[in-house]
Every structure is written in C-alpha cells, then in structure tokens.
Amino acid sequence: MDRLAQAEANIRKFVNEHDIYKKHFKSFPDDWNLLTVAMDTLGDSTSALTHFERTGIGSDIQEKYLRFYGMFQAIVLQQDAISNLYRIFHRYDLMNPPKSAWQEIRKLRNMVTGHPLDKSGSPLEGKLRIFVAQISISSTGFMMIVCEEKTAKTRIQHVDFKTVCDKYKVEALGHLSKIEQVQKSDWS
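Residues numbered from 1 in each chain as written. Predicted model: local features only at pLDDT ≥ 70, side-chain atom pairs only at ≥ 80, totals over all residues. Heavy atoms only, no water.

Undergrad: Pulling in residues and values, what's your account of the packing of aromatic side chains?
TA: Overall, the coordinates contain 12 aromatic pairs when judged by the stated rule. Taken together, a centroid distance of 5.0 Å and an interplanar angle of 65° make the contact between tyrosine 21 and tryptophan 32 edge-to-face. Separated by 11 residues along the polypeptide, tyrosine 21 in helix α2 (residues 20–25) and tryptophan 32 in helix α3 (residues 29–55) bring together distant segments of the chain. One aromatic cluster is present, built from ring pairs that chain together Tyr65, Phe68, Tyr69, Phe72, Phe142 and Phe161. (Phe/Tyr/Trp six-rings, centres within 6.5 Å; stacked < 30°, edge-to-face > 60°. Helix = DSSP H or I, 4+ residues; strand = E, 2+ residues; numbered from the N terminus.)

In structure tokens form, the structure reads like this:
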C-alpha cells in the first residue's frame, strides 16, 4: 500500500506543480471538482488501507467486523478514485478484465459486505444469502457460507483475501503508473 500512497502523492504533486487548473479546468469546474475529490478519496482510502495493513483485523469480534467492512469499503472507494483519475487523464474509461483481482475484490465486497441478504446469483441459483463465519475472520482471509434460494444448496467458500489483495495492489499500482505517465506526456 505504501507504493500506492507514493503514486497518489506523485499524481497530486503533478497537478499542483503544473498549473493544471488554469490550463485545463478553469472553464470546467465540475471536472475540477471531480479531479480534486478523486485525489482526496484516493489519498484517504490509501491511508486507511495502509493503517489496516499495519494493524490488522483487530482482536474482538466487534472490532473485526468494523475493520472487515471498512477495509472492503476503502478498497471500493480507492478503486472508484483510480477509475475517475484514469478517465480524467486518459480521456477514456479504465477497463479491468472480469477475472482480474480488481473485479474479484468488488465481487467479494458485494457478496459479504454489500448485499449479503439478497445478492443476485445465477438464474439457476436465485438470490444468495451469504454468511461470514465470525470465527474465520482474520487479516489474511475468511470463510463464507453461501445459500442458494432456488436450489436450497449451501456451499462453503474459503477466501484467501491476502493473496487476492496482493494481486489487486499490483493491478492498482499499474493503473496509477499509467496515470503518471500520461500526465507527463500529455498534460505538461
């Protein structure tokens, strides 16, 4: 996460040192507001995730849940900020393959902290009811129990979150590096 924090600082420094507002955004105040909110959201979410990496999930179950939910939300906010910065500086949308760690984290977030009561499954499964086993929550992963509405099947899924998150950070850093590159080549 420290490398993402450094990339965020570099992007912000470029905006501040190259008079980007006057050159490109003075006549587009909403675009400027989007840029500044995206930079702040990236900085804040990265700071929160850096703290999470250093301090872990916590010790009692209440703290674990709060950090668990917060960690997922911070990652989604970070992704939204990166996507918006990418769109602003590249002038086209950031695309992530369906099998990327980026998409995997979004899928997990929606399952366990976004819509665990009524996540839409496949047409054969119907709604999914998703439990996170309290005792399984750790800084490296967790176990979820997924119940399918239409089939009444229940499946257990062990999630190695650390591995997915490590892959995600590489992808996110790649996107931030591309933003830095296009800033230097197209926005100077």
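Undergrad: So, the packing of helix α4 (residues 61–90) against helix α5 (residues 101–114): which residues are in play, and what are the values?
TA: At a minimum axis separation of 10 Å, α4 and α5 run at an interaxial angle of 140°. The orientation of α4 relative to α5 falls into the category oblique. Once α4 is placed against α5, the crossing between them reads as left-handed. From α4, Phe68, Tyr69, Phe72, Gln73, Ile75, Val76, Gln79, Asp80, Ile82 and Ser83 reach across to α5, where they touch Trp102, Ile105, Arg106, Leu108, Arg109, Val112 and Thr113. (Axes fitted to C-alpha atoms, helices over the stretch in contact; angles between N-to-C directions. Parallel < 35°, antiparallel > 145°, perpendicular 65-115°, else oblique. Left-handed = near helix turned anticlockwise from the far one by under 90°. Contact = heavy atoms within 4.5 Å.)

Undergrad: I'd love a proper account of α5, names of residues and values included.
TA: Of all the positions in α5, only Ala101, Trp102, Ile105, Leu108, Arg109, Met111 and Val112 are classed as buried. Contact partners of the buried residues in α5: α4, β1 (119–120), β2 (127–132), β3 (142–148), β4 (154–159) and α6 (161–186). (Buried < 20%, exposed > 50% of the residue type's maximum accessible area, 1.4 Å probe, protein only.)

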